[in-house]
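# Architecture and fold: a report
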Amino acid sequence: MNLRRRHWVAGSALALLLAGCERRSGGPVELRLWAMGREGEVVKELLADFERANPGIRIKVQQLPWLSAQEKLLTAFAGDVTPDLCQLGNTWIPQFAALGAIEPLGDRIDRPDGVASADYFPGIWASNQIDAQLFGVPWYVDTRLIYYRKDLLADAGYAKAPVSWAEWTEAMRAVKQRSPQNYGVLLPLNEYEQLLSLALQQEAPLLRDGGRFGDFRHADFRATLQFYLDLFMNGLAPRLSATAISNVWDEFAKGFFAFYISGPWNIGEFKRRLPPEKQHTWMTAPLPGPRGPGASVAGGASLVVFKASQHKEEAWKVVEYLSQPAVQRRFYQMTGNLPPRRSAWNDPALQDDPYSAAFREQLERAKSPPKVPEWERIGTEMRIVTEALVAGRMTIEQAVTELDARTDRILEKRRWMLDQRGRA
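Bear in mind that the values here come from a model prediction, so they are computed numbers and not experimental data.

## Structural notes on the overall build of the protein chain
- Regarding its fold elements, the protein chain presents 18 helices and 15 strands.
- Principal-axis analysis of the C-alpha atoms gives the protein chain an extent of 100 × 60 × 35 Å.
- Residues classed as buried in the protein chain amount to 53% of the 424 residues present.
- Here the contacts in the protein chain between residues at least 6 apart in sequence split such that 75% fall between residues at least 24 apart.
- For the protein chain, the exposed surface amounts to about 19500 Å²; the carbon and sulfur share of it is 51%.
- Taken together, the 53 basic and 50 acidic charged side chains of the protein chain have centroids lying 4 Å from each other.

See the structure below:
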């Protein structure tokens, strides 16, 4: 056999040996990532660069609809078929942490060139911490603030947005005085997030004793509820649900209300839906607080690694990649979702957008809702009780008493579990 032939045979044998080793080892690690809605589409494109840089890892993305995602995840946990990593709404973190379904991430944070905790908005970061343990890394954030008609405020004698509840009430009264058939603010009665944002501005938490009982009878929440009720009683907010208004953007353009509390997703909607002649008339501003610029709710979604994953280190590499400021900027450009890292805001698309500037400021004062698995059920009860309050079927005293009673019933199992843990 000549020399060239020997080299060819040796090379072929080595190639077959390596191929056999790859087959026996299963080839590249395949990770399963579940993501919701539009994010499930976009993340596939973002991860193409990751896979090119990490040829030993392949990622299979499954897109879930938001409405059924939580139920599907709980079913997957019960059947021990959870993915390696997943997008979770921030308010879902406590539930999956309590189940022991997701991996604590503390020892992976603040590695060189990795996820730097100090770079994140503190309220958003805290929403992923349960009992001092970190269970998720914020992927994108939202919070709520005021969209307002700056032309209507100017006509009423106000050159800038209000920063306190007193100033806000005064401005709404001045706007309504000029146009009695319209209103100062829209607070849809079938939503509780606006009231929650106002309540988080107070010092007292909404739950007490480590999340064992409701604390809605506290003076702080009473003051918030009184402010909220007065807006309806004084004719500054219409007694309407969102379903009673066919098109929020049209009514905003008509001046039916001057203020609207909403999140960053509506920046694009207002730009698209308001007529060209009205585009110069609106702006965003941080939410007014009881005594000055106020806090607001910390929302959004995070990335988690499931405990049952056989490839936690590889899954964490994906989390680190999606958390890079440059990747978060791309994600924002593709979806409009706001980045949770301050350094990711060094992007002309964000810095040059006057509507986003208020969100950057508000995110520094974002606060997490109570971090208990039952919070969404409590939020629903908050909506039901306050709707009855506004309709005149309850007094403030009856509303806070009823809300505490309903909350305490919801938290009964939690109290039992905490007591059992304390005895162990």
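## Re helix α15 (residues 354–363)
- Along α15, the residues classified as buried are Tyr-355, Ser-356, Ala-358, Phe-359, Gln-362 and Leu-363. Burial along α15 is one-sided: seen end-on, the buried residues are contained in an arc of 150°.
- For α15, the N-terminal cap is Asp-353; the gap from its side-chain oxygen to the backbone nitrogen of Tyr-355 is 3.1 Å.

## Re the pattern of salt bridges
- Under the definition given, this model contains 20 salt bridges.
- Across the pair Arg-365 and Glu-361 runs a salt bridge whose closest N-O atoms are separated by 3.7 Å.
- Given a relative accessible area of 25%, Arg-365 falls into the partly exposed group.
- Salt bridges here are not isolated pairs; linked through shared partners, they connect Asp-49, Arg-52 and Arg-330.

## What to know about the sheet that holds strand β2 (residues 57–64)
- Strand order in this open sheet of five strands is β2-β1-β3-β14-β6, and the pairing throughout is mixed. Sheet topology places β2 and β6 (137–142) at the edges, where each strand pairs with a single neighbour. Strand-to-strand twist in this sheet, taken as the mean axis angle between neighbours without regard to direction, amounts to 20°.
- With five bridges connecting them, strand β3 (residues 85–89) and strand β14 (residues 299–305) associate as antiparallel partners. If you follow Cys-86 over to β14, its bridge partner there is Val-304.

## A word on the sheet that holds strand β8 (residues 183–186)
- Taken in spatial order, the four strands make up an open sheet running β8-β11-β7-β12, and their pairing is mixed. Of all strands in the sheet, those with a lone pairing partner are β8 and β12 (282–285), marking the two edges. Looking at each pair of strands side by side, their axes are set apart by 20° on average, direction ignored.
- Against the sheet, helix α11 (residues 265–273) engages β7 (145–149), β11 (257–262) and β12, with an angle of about 140° to β11.

## Observations regarding the nonpolar core
- Trp-168, Phe-221, Leu-225, Tyr-228 and Phe-259 are the most contacted members of the largest nonpolar core, which has 81 residues in total.
- Judged by nonpolar contacts, the second largest core, of 33 residues, contains Ile-57, Leu-85, Leu-105 and Tyr-321.

## A word on the pairing of β7
- With five of five residues buried, β7 is to be regarded as a mostly interior element.
- In this structure, β7 lies alongside β11, joined through four bridges in antiparallel fashion. Bridging across to β11, Ile-146 finds its partner in Ile-261.
- Summarising the sheet, β7 and β12 pair through four bridges and their orientation is antiparallel. Directly across from Arg-149, in β12, lies its bridge partner Trp-282.

## Quick look at the packing of aromatic side chains
- On inspection of all chains with the given rule, the structure shows 23 aromatic pairs.
- Ring geometry for Phe-256 and Phe-257: centres 6.3 Å apart, planes at 75°, overall edge-to-face. Pair check on accessibility: Phe-256 and Phe-257 agree, each one buried.
- Three or more aromatic residues joined by ring pairs make a cluster, and in this case those are Tyr-147, Tyr-183, Phe-252, Phe-256, Phe-257, Tyr-260, Phe-270, Trp-282, Tyr-355 and Phe-359.
- Residue placement shows Lys-176 over the ring face of Tyr-183; its charged tip is 4.4 Å from the ring centre.

## What to know about unusual backbone geometry
- Its identity is not glycine, yet Asp-80 carries a phi of approximately 55°, on the positive side.
- Locating Asp-80 in the fold gives a position in the loop between α3 (66–78) and β3.
- Look at Asp-110: it is not a glycine, yet its phi comes out positive at around 65°.
- Looking at the secondary structure, you find Asp-110 in the loop between α4 (93–98) and α5 (122–126).

The rules behind each value
Residues numbered from 1 in each chain as written. Predicted model: local features only at pLDDT ≥ 70, side-chain atom pairs only at ≥ 80, totals over all residues. Heavy atoms only, no water. Helix = DSSP H or I, 4+ residues; strand = E, 2+ residues; numbered from the N terminus. Buried < 20%, exposed > 50% of the residue type's maximum accessible area, 1.4 Å probe, protein only. Contact = heavy atoms within 4.5 Å. Areas by Shrake-Rupley, 256 points an atom, 1.4 Å probe, with all protein chains shown as cover. Lys, Arg positive; Asp, Glu negative; His and termini not counted. Charge placed at Lys NZ, Arg CZ, Asp CG, Glu CD. Arc of directions from axis to C-beta. Polar contact = N/O pair within 3.5 Å; in protein donor to acceptor, adjacent residues only side chain to side chain. Salt bridge = Lys/Arg side-chain N within 4 Å of Asp/Glu carboxyl O. Pairing = 2+ DSSP bridges. Axes fitted to C-alpha atoms, helices over the stretch in contact; angles between N-to-C directions. Core = buried A, V, L, I, M, F, W, Y, C linked by side-chain atoms within 4.5 Å. Phe/Tyr/Trp six-rings, centres within 6.5 Å; stacked < 30°, edge-to-face > 60°. Lys NZ or Arg CZ within 6 Å of the ring centre and 35° of its normal.

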